[in-house]
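If you want the building blocks of each chain, they are given just below.
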Amino acid sequence: MLDRVNWIDVGLVEDIPARGARTIATPLGEVAVFRTGAGEVFALMNRCPHANGPLSEGIVHDRHVTCPLHGRVISLATGRMRDPDTGCTPTLPVQVGEDGVIRLALVPSFANA
Ligand code: FES
């Protein structure tokens, strides 16, 4: 299915600091693109499932982000809040090309919570 999706360029991976994020305005709303300490890149809607906190301003650790508002921990890979909390924010497909350009598909999906 994703081969039929329009991928949009959202900048260079090197422009996002390790354990950091940048935000992208999209027709779906603001998307947060994260880069982990290991160099992986993930994209989630920039709102915490608890009370819409800006996840892009949270602390990135391993493959998770801690929300800056109330400290819930969200998986960057699935968008799910860590137990015992429940809730999920949509994730979006993201790729990094050999040219270092991050490409985002505006196809949000929810993990099964
Ligand atoms: S808004 Fe994220 S933990 Fe409350």
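The coordinates are above.
The structure contained in this document is the topic of the report that follows. (Residues numbered from 1 in each chain as written. Predicted model: local features only at pLDDT ≥ 70, side-chain atom pairs only at ≥ 80, totals over all residues.)

### Observations regarding the sheet that holds strand E7 (residues 73-75)
Sheet strands line up and pair through hydrogen bonds in the backbone, either parallel or antiparallel. Read from one edge of the open sheet, three strands run E5-E6-E7, paired in antiparallel fashion. Each end of this open sheet is capped by a strand with a single partner; those strands are strand E5 (59-61) and E7. On average, adjacent strands in this sheet sit at an angle of 25° to one another, irrespective of strand direction. Relative to strand E6 (residues 64-66), E5 is paired through three bridges, and the arrangement is antiparallel. Looking across to E6, one finds that His61 is bridged to His64. (Pairing = 2+ DSSP bridges. Helix = DSSP H or I, 4+ residues; strand = E, 2+ residues; numbered from the N terminus. Axes fitted to C-alpha atoms, helices over the stretch in contact; angles between N-to-C directions.)

### Re the sheet that holds strand E8 (residues 91-92)
Taken together, the four strands give an open sheet; going across it, the order is E2-E3-E4-E8, and neighbouring strands pair in antiparallel fashion. Looking at strand neighbours, the two that pair on one side only are strand E2 (20-26) and E8, the edges of this open sheet. As judged from the five bridges shared by strand E3 (residues 29-35) and strand E4 (residues 41-45), these two strands associate in the antiparallel manner. Counterpart to Val33 in the pairing with E4 is Ala43.

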